[in-house]
Amino acid sequence: APAAQKASSTALNADFSGELGAQAPLGFFDPLAVCDDIDQAEFDRLRWVELKHGRVAMLGVVGYLVTYAGIRFPGAEDIPSGFAALSATPGMVWAQMIATWATMEAANRDQKDTMGVNSGWTGGEFIGDFRNGFIDFGWDKQTDEWKMKKRAVELNNGRAAQMGILGLMVHEQLGNQIIPSL
């Protein structure tokens with residue numbers, strides 16, 4: 001008789017309910033089932049993407065509101081705020097921004113395998129930790145519980161900022177005044 005073969009499954013049974021960002025009141029929230037068939041490495045990559053988008057969105061909300069309030073860099077006083085700035089921004093400014101974004105994308109990652117980095121440095125504590133063994137502002141002296149709380153706060157602020165920048169853009173397109181007093 002042929003030997004019985006063990007049934008195999010390609011579905012991964014990873015439980016992400018205890019991960020950073022899975023917190024009250026929703027817990028682990030994945031309504032589109034993006035994380036159903038992924039492993040821990042892919043989840044960590046998705047979490048990093050969420051963190052990075054949140055950081056960009058936080059900067060975007062601040063920039064949107066500051067320019068809408070009329071604050072400009074010297075020499076850019078005539079550039080309007082919001083979507084109108086897209087067509088009013090000179091080509092060389094676009095080139096400088098794209099070069100800056102490309103540099104940031106290349107540099108803002110774990111540098112432990114980069115030539116010239118201190119050979120004794122082993123990398124950040126977590127993905128998105130860009131201290132690179134240089135500045136920590138007391139981070140290393142804090143408890144693990146404190147660090148996880150601060151990381152959760154940053155993640156939630158990024159989530160809120162992603163919704164905030166979307167709301168600002170939608171309201172501008174609808175013709176609503178973003179800052180009522182201006």
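Structure shown above.
Here's a quick rundown of the structure.

What counts, and at which threshold
Residues numbered from 1 in each chain as written. Predicted model: local features only at pLDDT ≥ 70, side-chain atom pairs only at ≥ 80, totals over all residues. Heavy atoms only, no water. Phe/Tyr/Trp six-rings, centres within 6.5 Å; stacked < 30°, edge-to-face > 60°. Helix = DSSP H or I, 4+ residues; strand = E, 2+ residues; numbered from the N terminus. Buried < 20%, exposed > 50% of the residue type's maximum accessible area, 1.4 Å probe, protein only. Salt bridge = Lys/Arg side-chain N within 4 Å of Asp/Glu carboxyl O.

### Side note on the packing of aromatic side chains
Working step 1: For the structure on display, the rule yields 4 aromatic pairs.
Working step 2: When the ring of Phe16 is compared with that of Phe28, the centres are 6.0 Å apart and the planes differ by 50°; the resulting orientation is tilted. Placement of Phe16 in the segment before α1 (40-68) and of Phe28 in the segment before α1 is noted, with a sequence separation of 12 residues between them.
Working step 3: With relative accessibility at 31%, the residue Phe28 sits in the partly exposed group.
Working step 4: Following the ring pairs from residue to residue traces out a cluster consisting of Phe16, Phe28 and Phe43.

### What about unusual backbone geometry?
Working step 1: The residue Ala33 is not glycine, and still its phi comes out positive at about 60°.
Working step 2: Structurally, Ala33 can be placed in the segment before α1.
Working step 3: On the basis of relative accessible area, Ala33 is assigned to the partly exposed category, the value being 34%.

### Focus on the pattern of salt bridges
Working step 1: Evaluated as defined, the whole model comprises 5 salt bridges.
Working step 2: Between Glu42 and Arg45 there is a salt bridge, with the nearest N and O atoms lying 2.9 Å from each other. With a gap of 3 residues between them, Glu42 and Arg45 both fall in helix α1, about one helical turn apart.
Working step 3: Classification of Glu42 by relative accessible area gives partly exposed; the value is 26%.
Working step 4: For Arg45, a relative accessible area of 41% translates into the label partly exposed.
Working step 5: Between Lys52 and Glu105 there is a salt bridge whose closest N-O contact spans 2.6 Å. Here the residue Lys52 occupies a position in helix α1, and Glu105 occupies one in helix α3 (residues 91-107), the gap between them amounting to 53 residues.
Working step 6: Taken together, the salt bridges that share partners define one network made up of Arg47, Glu50 and Arg159.

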